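Structural features, examined
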Amino acid sequence: MDSQSPTLTPTTLPNPLNPLTGVQVLIFDIFGTVFDWRGPIMRELESLGKKVGVDDSPQDWLEFANEWRKGYMVNIRQIAQGIKEGSTNVDILHREILNTLLSTPRWSHFGIKLDEQTRYDLNLVWHRLDAWPDILPSLHILKSHFIIGTLSNGNMRLLIDLSKSPISPKSSQAYELSESSKLLESKPESLPWDFIFSADLFGGYKPNPTPYLSALSHLGLSPPNTSSPNPPPSLSNSPSPSNAAMIASHLWDLQAAAKVGMKTVYVKREGEDTYYSKKGNLVFKGVKGEGSKEGKGEGFEEKEKEGEEEEDDKEEEEEEEVKSKQDGGEVDLVVNDLRELAGLCL
């Protein structure tokens, strides 16, 4: 950080009512939290479809994007839990899921149009996502108060490509973060991370605890070794996992971070969070249509019974909203976007 940045201490934000009091490091999830994956993938699919003569509807491409993402969600959870083996390089995993999708009856008409080079290029769409409009100006404010960086299941090259992609004023607008603050001007630039951590570096996927614990270790915020026969004395200002906060739009990510002692911030992104229904289907909150749900297994099974989707839709409506601990929930803070989080610093 530059010489003008404030010294980072556990009292950077001293207000005892501020849930981030004591936090020195903000660790961001990437897919969905910082970058919109659904819109860019839909656009690329529609453009490629027209190029190869597949005239599917926007709803079809939405379903394809959702199914691709669902395959990822199912597989990383199974690998993280040790249920199955698989690559921790998400480029490889995304390509395996893409090949599976394109071989199904639902998408084989598209798959037969795509040669090896085209599939390779399409798989790299995950390196070309769009940052949400609130990200860049908010990160600059947060960076002046915290160490900021990523902990993502994305592999290193993917994360570097995303972070270095120029963000223009058109895609990252100026925001007023409080009545007394000036509008932030957004010039084309890369994201101002202090560090980039990929779970692949640590040999596993979130929500396995290893990536979180490894990130904390590299940041000097490891939990105390209580199993040591001669543990070091506990000091009031000793670094700890609670000096870091995980920022994510997925409750499962925050639950895993909380288990290792980190504070948690839930960012609302419409259609981004997921949960497993009582019937075992992975559901995107707020996303309707056939592509919004997947079965168990590899994530591409067809519904076995008619009406199951409608039952899951009803269950989705009854799913409780994520709440902060202050409101009886399980995360430390809930924000509508990063503007609210940055606003705590002003």
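To start, this report covers the structure provided alongside it.

The rules behind the values
Residues numbered from 1 in each chain as written. Predicted model: local features only at pLDDT ≥ 70, side-chain atom pairs only at ≥ 80, totals over all residues. Heavy atoms only, no water. Axes fitted to C-alpha atoms, helices over the stretch in contact; angles between N-to-C directions. Helix = DSSP H or I, 4+ residues; strand = E, 2+ residues; numbered from the N terminus. Parallel < 35°, antiparallel > 145°, perpendicular 65-115°, else oblique. Left-handed = near helix turned anticlockwise from the far one by under 90°. Contact = heavy atoms within 4.5 Å. Nonpolar A, V, L, I, M, F, W, Y, C, P; charged D, E, K, R; others polar. Polar contact = N/O pair within 3.5 Å; in protein donor to acceptor, adjacent residues only side chain to side chain. Pairing = 2+ DSSP bridges. 1 Å grid on protein atoms, 1.4 Å probe; cavity = no way out; pocket = protein on both sides within 12 Å on 5 of 7 lines; lining within 4 Å. Points joined across faces, edges and corners; volume = space filled by probe spheres on them. Buried < 20%, exposed > 50% of the residue type's maximum accessible area, 1.4 Å probe, protein only.

**Here's the deal with the packing of helix H1 (residues 38-52) against helix H2 (residues 58-80)**
How two helices pack is summed up by the angle between their axes together with the distance between the axes. Packing of H1 against H2 brings their axes to within 9 Å, and their N-to-C directions diverge by 125°. In terms of their interaxial angle, H1 and H2 are classed as oblique. As H1 packs across H2, the resulting crossing turns out to be right-handed. Residue-level inspection shows Arg38, Ile41, Met42, Leu45, Glu46 and Gly49 of H1 in contact with H2, the latter providing Pro58, Trp61, Leu62, Phe64, Ala65, Asn66 and Trp68. A per-class count over the contact of H1 with H2 returns nine nonpolar, two polar and two charged.

**Examining the side chain of Glu272**
Secondary-structure assignment places Glu272 in the loop between strand E7 (263-267) and strand E8 (274-276). Side chain to side chain, Glu272 and Arg69 meet in a polar contact 3.2 Å long.

**Here we look at the sheet that holds strand E4 (residues 147-152)**
A sheet is described by the order of its strands in space; here six strands give the open sequence E5-E4-E1-E6-E7-E11, paired in parallel fashion. Looking at strand neighbours, the two that pair on one side only are strand E5 (195-198) and strand E11 (333-335), the edges of this open sheet. Each strand of the sheet is rotated relative to its neighbour by a mean of 25°, with strand direction disregarded. Taken together, the four bridges between E4 and E5 define a ladder with parallel strand orientation. Paired with Ser152 across the strands is Ser198, a residue of E5.

**Side note on empty space enclosed by the protein**
Under the criterion given, the structure shown has one cavity of 30 Å³ or more. Computed from the structure, the largest cavity encloses a volume of approximately 50 Å³. What lines the largest cavity is Asp29, Phe31, Arg69, Tyr72, Met73, Asn153, Lys206, His250 and Trp252. When residues of the lining of the largest cavity are assigned to their parent elements, the largest contribution, three residues, is made by H2. Taken together, the residues that form the lining of the largest cavity break down as four nonpolar, two polar and three charged.

**What to know about the pairing of strand E1 (residues 25-28)**
What you see with E1 is no split at all: Val25 and Ile27 on one side and Leu26 and Phe28 on the other are buried throughout. Where E1 lies against E4, four bridges are found, and the strand directions are parallel. Its bridge partner being in E4, Leu26 is matched across the sheet by Ile148. Here E1 runs beside strand E6 (residues 244-248); their pairing, made up of four bridges, is parallel. Residue pairing across strands places Leu26 opposite Ala245, the latter belonging to E6.

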